Amino acid sequence: MAKGQAGESVKMALDTLRANKLRSGLTILGIVIGVSTVITISSVISGVNNRVNDFVSALGSNVIWVFHMPVIGVRPTTEMLARKKLNIDDVMAIRELPHVVAADGAFQHTGQFRVGAVSVKYNGKKVAGTILTGSTSAVSVISEFTMMQGRMYTDEEDKRAAHVCVLGHDTWEELFGDQSALGKQVSVETGLYTVIGVLDKQKQPFGGGKNRNDNQVYFPLGTFHNLHPEDKDMWVSLKYDAPENKALVQEEVRELLRIHRKVRVDKPDDFEIFGPDSITKLWNQITGGLVLFMIAVSSVGLMVGGVGVMNIMLVSVTERTREIGVRKAIGATKRTILTQFTTEAVTLCAVGGLVGVFVGAVITWVIYFLPVGLPATLSSVWVAIAFGVSCAIGLMFGIYPAWKAANLDPIEALRYE
């Protein structure tokens, strides 16, 4: 088709839209709904994906975690819950492995994480729901903490169970405002602990409010053991030297722990080794379901819109029968008529697609500024896909009316009243 002819067909389609605004608006409504649904949901997924990737990166590079049972995407069985817990001897043995830069064993006490529970006090101020964590000094190397004030505790302080602690950002802010906490003593449950450091804010995957991990107090492992000797579930984390050694380090840790835990050769591992990529895989599985939901919802809108376009094009062919007859009488071929009406249908759906993209972008903008903390981000890839699909719907549902117009008998068409 000549370039001028295509332009003329697009112009005629736009003239038809302007001449029948209400009818055309109702016709492309389904296309608008379908495209705006794709844009909105894909923007939310894209934004949250970016937040999850940032969160996984913030967990530290070249990191592996070990626990006595799986904790991501698996409901623990009775056998898993009854497994022998990891201990500090396992951590010390892992530190001796080649390619291991640091290894940490940590306990967490979250029993007081409930509304109204007071965990930490200072000078009449109180913080509720604080997470109490005991770890070795290696935690700062593995988790790549940023210290706002002071320092992390040392192995020597851990060894003698010194009454020192490091505060999370929100815990410090609640107790001290913008004042330095270094050297001050805070009350945690029944003991007094000297603050030697304050951590900067940590990243979180969802929500724009307070991060639970910022309301946390870190103690040397020995100190924490004196505070909560009943907590036995040790979480082991280690940092290795280079990404290419990940599989080798995992295998070495696995062999070492099987020996330490006296696992028989014919028995499976009674512990779980995983890394930040496990979180990414789980999240991808969840978003995969959301993408299928988005496709299902938008497909309904697009199909309804396609049927509407087909109907309006059939009406248009009937209304313009004499015009088709005249064009054929002066030399227009079947292909010319077919292309003209197909172009009109595609143009109609393209306009619906553009309106849908605009509506979806506005909804994305509104979601971004809502206080629910959904980091919606407009995805150019999904914008292109949604617009392309809307044009394809025009082509698919416009071909039959165009074929019908192209096959009209010119004499009968000229006689049509």
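Being a predicted model, the structure only gives us computed values, none of them experimental. (Residues numbered from 1 in each chain as written. Predicted model: local features only at pLDDT ≥ 70, side-chain atom pairs only at ≥ 80, totals over all residues. Heavy atoms only, no water.)

Regarding the overall build of the protein chain
Regarding its fold elements, the protein chain presents 15 helices and twelve strands. For 417 residues, the compact-globule estimate of 2.2 N^0.38 gives 22 Å, and the protein chain exceeds it by more than 25% at 33 Å. Expressed along its principal axes, the backbone C-alpha trace of the protein chain runs to roughly 105 × 60 × 35 Å. When the 417 residues of the protein chain are sorted by exposure, 47% land in the buried category. Contacts in the protein chain between residues far apart in sequence, at least 24 positions, make up 79% of those at least 6 positions apart. Charge-centre separation for the protein chain: the mean point of 41 positive side chains lies 8 Å from the mean point of 39 negative side chains. (Helix = DSSP H or I, 4+ residues; strand = E, 2+ residues; numbered from the N terminus. Rg over C-alpha atoms; globule rule 2.2 N^0.38 Å. Buried < 20%, exposed > 50% of the residue type's maximum accessible area, 1.4 Å probe, protein only. Contact = heavy atoms within 4.5 Å. Lys, Arg positive; Asp, Glu negative; His and termini not counted. Charge placed at Lys NZ, Arg CZ, Asp CG, Glu CD.)

Description of the packing of aromatic side chains
What describes a pair of aromatic rings is the distance from one ring centre to the other and the angle between the planes of the rings. Evaluation of the coordinates by the stated rule reveals eleven aromatic pairs. Consider the rings of W65 and W235, whose centres lie 6.4 Å apart with planes at 55 degrees: the pair is tilted. Linking W65 in strand β1 (residues 63-67) with W235 in strand β11 (residues 235-240), this pair joins segments that are 170 residues apart in sequence. Look at W235 and you get partly exposed, because its relative accessible area is 28%. Each ring, one from F67 and one from W235, has its centre 5.1 Å from the other, and the planes form 40 degrees; the classification is tilted. Residue F67 is found in strand β1, and its partner W235 is found in strand β11; the two are separated by 168 residues along the sequence. In textbook terms, an aromatic cluster arises when at least three aromatic residues are bridged by ring pairs, as seen for W65, F67, W235 and F274. (Phe/Tyr/Trp six-rings, centres within 6.5 Å; stacked < 30°, edge-to-face > 60°.)

A few points about the UniProt feature "transmembrane region" (unreviewed entry) in the protein chain
UniProt records the feature "transmembrane region" (unreviewed entry) at residues 26-49, 55-74, 290-314, 345-370 and 382-403, using the numbering of this structure. A helix fraction of 100% and a strand fraction of 0% characterise residues 290-314, whose end C-alpha atoms lie 36 Å from each other. (UniProt positions renumbered as here; feature names shortened; annotations may be inferred.)

A short note on the environment of E244
Within the secondary structure, E244 is located in the loop between β11 and α10 (246-260). Note on E244: relative accessible area 64%, which makes it exposed. Spatially, the C-alpha atom of E244 lies 23 Å from that of L282, the residues being 38 residues apart in sequence.

Some words on the nonpolar core
Of all hydrophobic cores here, the largest spans 39 residues; its most connected members are I94, V186, F219 and L238. Not counting residues up to four positions away in its chain, the partners in contact with V186 are V120, K121, Y122, C165, L175, F176, G191, L192, Y193 and V195. Formed by 30 residues, the second largest nonpolar core is a distinct cluster that contains V35, I45, V317 and V357. (Core = buried A, V, L, I, M, F, W, Y, C linked by side-chain atoms within 4.5 Å.)

Things to note about the packing of helix α13 (residues 334-369) against helix α14 (residues 380-406)
Relative to each other, α13 and α14 sit at 150 degrees, their axes nearing to 7 Å. Put simply, α13 runs roughly antiparallel to α14. Here the hand of the crossing between α13 and α14 comes out right-handed. Residues that form the contact of α13 with α14 fall into these classes: 19 nonpolar, five polar and one charged. (Axes fitted to C-alpha atoms, helices over the stretch in contact; angles between N-to-C directions. Parallel < 35°, antiparallel > 145°, perpendicular 65-115°, else oblique. Left-handed = near helix turned anticlockwise from the far one by under 90°. Nonpolar A, V, L, I, M, F, W, Y, C, P; charged D, E, K, R; others polar.)

Looking at the side chain of D214
Assignment of secondary structure puts D214 in the loop between β9 (191-199) and β10 (216-220). By relative accessible area, which is 2% here, D214 ends up buried. Look past the residues within four positions of D214 in its chain and what remains in contact with it is G168, H169, D170, T171, D200, K201 and Q202.

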